[in-house]
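Chain by chain, the residues run as shown.
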Amino acid sequence: MSAWTISNELSPRDIETAYRWISAESYWAKGLPRDIFERSVGNSLCFGLRDAAGDLRGFARAVTDRATFAYLCDVFVCPSVRGQGAGKALIQAVVEHPDLQLLRRWMLMTRDAHSLYEPFGFKALENPERLMVRLDPDVYARLSSEGR
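Residues numbered from 1 in each chain as written. Predicted model: local features only at pLDDT ≥ 70, side-chain atom pairs only at ≥ 80, totals over all residues. Heavy atoms only, no water.

Enquirer: Before we go on, may I ask you to explain unusual backbone geometry in this structure?
Expert: Outside of glycine, negative phi angles account for most residues, and trans bonds account for most peptide bonds. One non-glycine residue with positive phi stands out, namely R66, at about 60°. Checked against the element boundaries, R66 lands in the loop between β3 (56–64) and β4 (69–77). By relative accessible area, which is 40% here, R66 ends up partly exposed. We note that D74 has phi near 50°; this positive angle belongs to a residue other than glycine. By the secondary structure assignment, D74 is in strand β4. (Helix = DSSP H or I, 4+ residues; strand = E, 2+ residues; numbered from the N terminus. Buried < 20%, exposed > 50% of the residue type's maximum accessible area, 1.4 Å probe, protein only.)

Spelled out as structure tokens, the structure:
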């Protein structure tokens, strides 16, 4: 039996914990407003990773049409369980989810976790010149300054 269980059911307490991780501890979404996080969760396929005691230890979400494409994002594993297979268990559960089979394309962005994702078939872009992005890295800071 695995030390980890993964579920798509998240309680309000789980959402609060995941929000705290993503908005306060992640490098990619510091300052994320609560209402935007809740909207992102409501429009994504979310995954909660729990330890043997049932405590939430990780979170991930897939933005997907469940037919052709998925964007894996907001992958966060609690620092206290990193290096114990939690991240691998979480990513395996995501890529094996029944609604995410036979997708033509998966994408993700990572600054430093390439070795986590590579065993699951993720690799650097072969043709990065084909990818375009519209990025607003200061949007959360602006919203915060506006009182949101």
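Enquirer: Mind showing me how you'd approach the sheet that holds strand β2 (residues 45–50) here?
Expert: Spatially, β1-β2-β3-β4-β5 is the arrangement adopted by the five strands of the open sheet, whose pairing is mixed. Only two strands of the sheet have a single partner each, and these edge strands are β1 (5–7) and β5 (105–108). On average, each strand axis in the sheet is inclined to that of its neighbour by 25°, with strand direction left out of account. For β3 and β4, the ladder comprises six bridges, and the chain directions are antiparallel. When the bridges of β4 are listed, V63 appears paired with Y71. Against the sheet, helix α1 (residues 12–25) engages β2, β3 and β4, with an angle of about 80° to β3. (Pairing = 2+ DSSP bridges. Axes fitted to C-alpha atoms, helices over the stretch in contact; angles between N-to-C directions. Contact = heavy atoms within 4.5 Å.)

Enquirer: When you look at the layout of surface pockets in this model, what are you seeing that I'm missing?
Expert: Empty space among the atoms becomes apparent when a probe as large as a water molecule is rolled across them. The space that makes up the largest pocket amounts to roughly 1400 Å³. Along its surface, the largest pocket is lined by 44 residues, and Y27, W28, Y71, D74 and M109 are the ones closest to its centre. The biggest single contributor to the lining of the largest pocket is β4, with seven residues. Counted as a void, the second largest pocket has a volume near 810 Å³. Along the wall of the second largest pocket there are 22 residues; nearest its centre are W106, M107, K123, A124 and L125. Looking at the lining of the second largest pocket, the elements with two or more residues in it are β5 and α4 (114–117). Per-element tally for the lining of the second largest pocket: the top contributor is β5, with four residues. Taken together, the residues that form the lining of the second largest pocket break down as 13 nonpolar, four polar and five charged. (1 Å grid on protein atoms, 1.4 Å probe; cavity = no way out; pocket = protein on both sides within 12 Å on 5 of 7 lines; lining within 4 Å. Points joined across faces, edges and corners; volume = space filled by probe spheres on them. Nonpolar A, V, L, I, M, F, W, Y, C, P; charged D, E, K, R; others polar.)

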